[in-house]
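Structural features, examined
If you want the building blocks of each chain, they are given just below.
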Amino acid sequence: KFTFKGLIKLGNRSRAIVEDTVNHKTYFLEVGQEVAGFKVLDIAENQVVLSDLTTREEVIVSIAPKATP
């Protein structure tokens, strides 16, 4: 359902660029924010860790592969 598109660093804060592939919406998320029934637990260089607000199950969204021209 989600694709991790990239990472933006603003000083000591990081934001993940995450695309909802079902609704075709792009989100700029920080740790602690909630989106589409998930909470952002961690943001790393190559993945975002989300927690399902209902089941508490963790979901790891890896960085999307680069498109080749």
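Quick caveat: nothing in here was measured; it's all calculated off a predicted structure. (Residues numbered from 1 in each chain as written. Predicted model: local features only at pLDDT ≥ 70, side-chain atom pairs only at ≥ 80, totals over all residues. Heavy atoms only, no water.)

Here four strands make up an open sheet; going across it, the order is β4-β5-β6-β7 and the pairing antiparallel. Two strands close off the open sheet at either side, each with one partner strand: β4 (34-35) and β7 (58-62). Relative to β7, strand β6 (residues 47-52) is paired through five bridges, and the arrangement is antiparallel. Across the sheet, the residue bridging to Leu50 is Val59, located in β7. (Pairing = 2+ DSSP bridges. Helix = DSSP H or I, 4+ residues; strand = E, 2+ residues; numbered from the N terminus.)

Before going further, it helps to spend a moment on the nonpolar core. Residues Phe2, Phe4, Ala16, Val18, Leu29, Val35, Phe38, Val40, Ile43, Val48, Leu50 and Val61 constitute the largest nonpolar core, which totals twelve residues. Counting residues per element, the ones that place at least two in this core are β1 (2-10), β2 (13-20), β5 (38-43) and β6. No other element matches β5, which puts three residues into this core. Apart from residues lying up to four places away in sequence, Val35 is in contact with Phe2, Tyr27 and Leu29. (Core = buried A, V, L, I, M, F, W, Y, C linked by side-chain atoms within 4.5 Å. Buried < 20%, exposed > 50% of the residue type's maximum accessible area, 1.4 Å probe, protein only. Contact = heavy atoms within 4.5 Å.)

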